[in-house]
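# Summary of the model geometry
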Amino acid sequence: TIQLAGLRQTSLADAQAGYQVDLTNIRNPYANEGLARTSATFTLFYNNGSIWHETQVLLPEFVYNPMLPSAALFELLNPSAGIVGNMRVTFSTSGEIPALGRIEVTLPAGFVLLEGSVVALEQRNLGSDRAVYVSAISTTLRRVTLLVTGRLGTPPGAIPALDRASLVLTAIRTPAAGLTGTFQIKTLSTGGDVVDFGDAIPGTIVVPGTLTDMTVGASDSGARLAADYSFSFRTTGVLPGDGKVILELPFGYFLQTISLLSYNGLGSGSAPSITGADRTIVVHLNGTNSSSDAIAQTTVTLSLRGIVNPGTGSASAAYLIKTAHSNGASIVDQGYLDAISITTALFPLRAVAISEARAGQPNTITVTFETAGFIPDDMRMVVAVPDGLGLSLPYTSAVNSSTCCELGICSACGITLVRITAQEVMVKLPGAGARNLEPGTNITFTIDNIRNLFAGAKNGFDLTLLLSDEISAAMQAKDVDGPVIIPGTCLSASADFAEYPNLEGSYNDPIAGHCGSYRFQVQLHGVLPAGAVFRVTFPSNVLLNDAWCDSIDNVRQQPVTRLTFTREPITLEDFVSEATGNTVEIMATGPIASPNYDKPQTIKFYLTNLRHLYAGSVPPLKFEALNPDLTLVEHFTSIPVTAVREGPFKAASALPASVAAGVRTTIDLSITLGGRLPITGIVRAVLPPSYRVSDGEQTAVLVSSIGGVAADMSVISADGATGVVKVRIDSDFTAVDGFAGSIYTCPDPETMTCPGTGDNADGIRVPTTYVAARLLAKNTVLLMTLSQIRNLAGGPSGVLQMQTRTPDDVGVVEENLAVPGTNLTIGLLADATVVPGALLSAIR
């Protein structure tokens, strides 16, 4: 009732002009959209209360308060698919909810309400004395109805407009993974009139649940072999009875007639079925979508047959297992399970044969193997060739023949070369990978243009069968049929001696006692690496390391047997010279091979500072080509050399102190050496029959000298019957004559200059010191005076024979078998008397 007061008396004009009244604090009625509109009665009264005027005013149409999408939020406290959990609902309203009014929450498809278990917890911002409780649920409509009431002990009351009120609904099973549909929330009066309504509140994300306790086992882990697999896992979410278990295998696996051997934990429905395509296996549950057939928190085991293992080295390394609804796309749980370790399968048969076992010779290898499992028709085979066999020598290695025997039918299978990398050859079958070879296929192929580099037992061949990606290995065998390469024989080898090797005309028979050089020319069969060693073994009548006679190199005057500057190839360097074993080793600091490896290498070198001890035949020399580890590559065991001739003296003479026949005298022997002689050597003199040796007493050396210096020569034998006298030049054997018996080593031929010069010479010599004078040089004059020599008959004495011999008196060094003698004169009688027996004439 509105009273007009404080104004002037109203008039008819006022009434005709109309009245406008604004009323405040009036609550709108509930929405009546679509219903008949109601009217308000407007009445004017006179002062005395009687009706002046009355009319009906049609009221406007009222609508519910729309809730914007941002006005409500639905959150899963555990967003995993298929689990029973709680949901928090946060919302704001515009209208008042009357006492005993309702709040309705409708969930999108896929959610399941557990009847009798849904309650509203954690109620916030509903008012200090207000509360709601679940009064009804509809599992079909997925709807929860909440009744507005007072808190415990408080009468029901209205709930004014809310700002971010929230509550938690329990016992809600989540749908499959993904974005859910939209939610609905509305508030209603006690009579069911809508106050606020949000019909498109955004959905929430549901993530796949995690499968736990996942295990896998396989009957065989060999690459490309068919195996029975057993998978076990425990579900987290609820899998409907008509759902699916999906297994996605890593790259490289494939299926071969997949079947389900056994199962457990798949519900009480009829037996599941199984399908497979590419690398995906689907187990179809044949139950219903009713809750009675649902599977939750269950351990599932599946035993499958028909899975073929990948090759080793596949990039992916995990199985993906998923549980899903019947459409296969709505995921409930999933989990990744580490794949089993795939091992390379063994060849049932494998062999590698070589066609040539001699070092340095061309060779071919023939590989034979038998397949196991499912091997594609474009498989690759990698053959790792052991060190000691060289590929592509002289031309690129290639497959020159191949045979495949499948199901008992053999034919050429066209294996071709893919590439050669270091010591590995890769070949391939010509197929396109569209089919697999039958297990037990036998394959043989031959690779040519291989060379045996050096002798000795070799490691075996490594065989690896790869898939077409050239990474995944299916079969492998290590150290197969290691070949034994026997030493080869050099194509040719020669050794020639010269005292002056730079003069071609000086190559001739060696002369005993003379120092010089041997020129070696060797044509090798094989090729050798850098660091290879060449060893020359000399016979015992050639002495090393005791003289310097390199007439070309006047700088390095050390008495060690070594290379001269002339050598082919230039990479040959001094290494070891050992007088005890009579061997010289030189090292090649670069590889020994012809430029294209198409023919053997010819090497040429000179070894100087060698001396022939005595005259006679020289046993053959021995040449060996060795690896850096001194294993034998090839050799030439008998290099013939010419015999050693006796050296001539520069001068020789024999002069008795008296030439009178019949007298006892001394004789002076003089020798000028033409070559070198150990100071402990022997001078042998054979006096002609006109002289008697050891007449009266033993012949001895009265006086002796070496090069004009007094010496202590001694007679070791004097035979009066033969006239042979042997004189030891020096009987001191405590010091080694010259440098005999030494070892000279150049420890690093690649960086050192051996022997070097002077005190800074590279190399190591044992013994470190020696007495140079113990080896008598050429042109040395030996003089000795022999006693107790008797001149016999007068006349020419005849020639003497003189020799120098080795200290052991075995070999002749130098000789002169016709040293001029002396004319012995007849002496005069000191007194002579003739007395006749009778003085009568003419009588006897």
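Only a predicted model underlies this, so the values are computations on that prediction, with no experimental measurement involved.

## What to know about the overall build of the chain
- In terms of helices and strands, the chain carries one helix and 71 strands.
- Taking 2.2 N^0.38 as the reference for a compact globule, 844 residues should give roughly 28 Å; the C-alpha atoms of the chain span a radius of gyration of 60 Å, well beyond that estimate.
- Each of the three principal axes of the chain carries a C-alpha extent, and together these read 245 × 80 × 50 Å.
- Per-residue burial over the chain gives 47% buried out of 844 residues.

## Points about the sheet that holds strand S64 (residues 743-745)
- One open sheet accounts for eight strands, arranged S43-S53-S52-S46-S50-S49-S64-S65; its pairing is mixed. The strands lining the two open edges of the sheet, one partner per strand, are strand S43 (488-489) and strand S65 (764-766).
- The pairing of S64 with S65 spans three bridges and is classified as antiparallel. Counterpart to Tyr744 in the pairing with S65 is Arg765.

## As for the side chain of Thr699
- By secondary structure assignment, the location of Thr699 is in the loop between strand S59 (691-693) and strand S60 (701-706).
- Residue Thr699 is classed as buried on the basis of its relative accessible area, which comes to 1%.
- In this structure the side chain of Thr699 is engaged in a polar contact, spanning 3.4 Å, whose partner is the backbone oxygen of Gln788.
- Setting aside its immediate chain neighbours within four residues, Thr699 contacts Val693, Ser694, Val715, Ala718, Leu786, Ser787, Gln788 and Ile789.

## Comments concerning the nonpolar core
- If you look at the biggest cluster of nonpolar residues, it comprises 139 residues, and the most contacted ones within it are Phe445, Phe534, Phe538 and Phe623.
- If we skip the residues at most four places from it in the chain, Phe534 touches Leu524, Leu528, Leu572, Val584, Glu585, Ile586, Ala588, Ile592, Ile603, Phe623, Glu624 and Ala625.
- With 34 residues, the next largest nonpolar core counts Phe74, Met87, Phe91 and Val148 among its residues.

## A closer look at the pattern of salt bridges
- Counted by the stated rule, this structure contains 24 salt bridges.
- With a shortest N-O distance of 3.0 Å, Arg435 and Glu406 are connected by a salt bridge. Within this pair, whereas Arg435 is found in the loop between strand S36 (424-428) and strand S37 (436-437), its partner Glu406 is found in strand S33 (residues 399-406), the two being separated by 29 residues in sequence.

## Quick word on the pairing of strand S45 (residues 515-523)
- Most of S45 is tucked away, with seven of its nine residues classed as buried.
- In this sheet, S45 lies alongside strand S44 (residues 492-498) in antiparallel orientation, the contact comprising seven bridges. Residue pairing across strands places Ala495 opposite Phe520, the latter belonging to S45.
- With nine bridges joining them, S45 and strand S51 (residues 602-612) adopt antiparallel strand pairing. Following the sheet pairing, Ser517 is matched in S51 by Thr608.

## Describing the environment of Gln523
- Secondary-structure assignment places Gln523 in strand S45.
- Along the backbone, Gln523 and Thr602 are 79 residues apart, and their C-alpha atoms lie at a distance of 4.3 Å.
- Apart from residues lying up to four places away in sequence, Gln523 is in contact with Cys490, Leu491, Ser492, Gln601 and Thr602.

## Regarding the state of the cysteines
- Tallied over the full model, the rule gives three disulfides.
- Paired by a disulfide, Cys404 and Cys413 hold their sulfur atoms 2.2 Å apart. Taking the torsion about the sulfur-sulfur bond, which here is approximately 75 degrees, the covalent link between Cys404 and Cys413 counts as right-handed.
- For Cys404, a relative accessible area of 12% gives the class buried.
- A relative accessible area of 13% means that Cys413 is categorised as buried.
- A sulfur-sulfur separation of 2.0 Å characterises the disulfide bridge that pairs Cys515 with Cys549. Every disulfide takes its handedness from the sign of the S-S torsion; for Cys515 and Cys549 that torsion is -65 degrees, giving left-handed. Of the two residues, Cys515 is situated in strand S45 and Cys549 in the loop between strand S47 (542-544) and strand S48 (562-568); the sequence distance between them amounts to 34 residues.
- For Cys515, a relative accessible area of 5% puts it in the buried group.

## Observations concerning a nonpolar patch on the surface
- On the surface, Ile2, Val21, Leu23 and Ile26 cluster together to form a nonpolar patch covering roughly 410 Å² of accessible area.
- Within the secondary structure, Val21 sits in the loop between helix H1 (12-17) and strand S1 (39-45).

## Overview of unusual backbone geometry
- Cis rather than trans, the peptide bond between Glu568 and Pro569 has omega equal to 0 degrees.
- Tracing the backbone through its elements, the reader meets Pro569 in the loop between S48 and strand S49 (572-578).
- Residue Ala171 is not a glycine yet carries a positive backbone phi of 60 degrees.
- Considering the arrangement of structural elements, one finds Ala171 in strand S11 (residues 165-173).
- A positive phi is found at Ala422, a non-glycine position, where the angle reads about 55 degrees.
- Residue position: Ala422 is located in the loop between strand S35 (416-421) and S36.
- Judged by its relative accessible area of 67%, Ala422 falls in the exposed class.

## Side note on the pairing of strand S41 (residues 473-480)
- Relative to S41, strand S40 (residues 461-466) runs antiparallel, the two sharing five bridges. The residue of S41 that forms the bridge with Leu463 is Ala477.
- Between S40 and S41, which pair antiparallel and follow one another directly, the connecting turn spans six residues, one of which, Glu470, has a positive phi of 60 degrees.

## Observations concerning the sheet that holds S36
- Taken together, the five strands give an open sheet; going across it, the order is S35-S36-S31-S40-S41, and neighbouring strands pair in antiparallel fashion. Both outer strands of the open sheet, S35 and S41, are each paired with one neighbouring strand and no more. On average, each strand axis in the sheet is tilted by 15 degrees relative to the strand beside it, whichever way the strands run.
- Two strands pair when backbone bridges link them, and strand S31 (residues 380-384) and S40 are joined in this way by five bridges, in the antiparallel orientation. Paired with Val382 across the bridge in S40 is Thr464.

## Observations concerning the environment of Ser94
- If you trace the backbone, Ser94 turns up in the loop between strand S5 (84-91) and strand S6 (102-106).
- A C-alpha to C-alpha distance of 145 Å links Ser94 and Lys726, two positions 632 residues apart in sequence.
- The residues touching Ser94, leaving out its near neighbours within four places in the chain, are Asn65, Ala161 and Asp196.

## As for the environment of Ser128
- Note on placement: Ser128 falls in the loop between strand S8 (120-124) and strand S9 (130-138).
- Along the backbone, Ser128 and Arg151 are 23 residues apart, and their C-alpha atoms lie at a distance of 8.1 Å.

## Quick notes on the packing of aromatic side chains
- All told, the structure shown has 16 aromatic pairs when counted by the stated rule.
- Ring plane angle 15 degrees and centroid distance 6.0 Å describe the contact between Tyr229 and Phe231, whose orientation is recorded as stacked. Here Tyr229 and Phe231 have matching classes, each one buried.
- For the ring pair Phe347 and Phe369, a centre distance of 5.5 Å and an interplane angle of 70 degrees mean the geometry is edge-to-face. One end of the pair, Phe347, is in the loop between strand S27 (331-338) and strand S28 (349-354); the other, Phe369, is in strand S29 (residues 362-370), and 22 residues separate them in sequence. Across the pair, exposure class does not vary: Phe347 and Phe369 are buried alike.
- Aromatic ring contacts, followed pair by pair, group Phe497, Tyr518, Phe520, Phe538 and Phe605 into a single cluster.
- The positively charged end of Lys186 is found above the aromatic ring belonging to Phe197, 4.5 Å away from the centroid.

Reading the values: rules and limits
- Residues numbered from 1 in each chain as written.
- Predicted model: local features only at pLDDT ≥ 70, side-chain atom pairs only at ≥ 80, totals over all residues.
- Heavy atoms only, no water.
- Helix = DSSP H or I, 4+ residues; strand = E, 2+ residues; numbered from the N terminus.
- Rg over C-alpha atoms; globule rule 2.2 N^0.38 Å.
- Buried < 20%, exposed > 50% of the residue type's maximum accessible area, 1.4 Å probe, protein only.
- Pairing = 2+ DSSP bridges.
- Polar contact = N/O pair within 3.5 Å; in protein donor to acceptor, adjacent residues only side chain to side chain.
- Contact = heavy atoms within 4.5 Å.
- Core = buried A, V, L, I, M, F, W, Y, C linked by side-chain atoms within 4.5 Å.
- Salt bridge = Lys/Arg side-chain N within 4 Å of Asp/Glu carboxyl O.
- Disulfide = S-S within 2.5 Å.
- Patch = residues over 30% accessible without salt bridge, like charges linked within 9 Å, V, L, I, M, F, W, Y side chains within 5 Å.
- Areas by Shrake-Rupley, 256 points an atom, 1.4 Å probe, with all protein chains shown as cover.
- Axes fitted to C-alpha atoms, helices over the stretch in contact; angles between N-to-C directions.
- Phe/Tyr/Trp six-rings, centres within 6.5 Å; stacked < 30°, edge-to-face > 60°.
- Lys NZ or Arg CZ within 6 Å of the ring centre and 35° of its normal.

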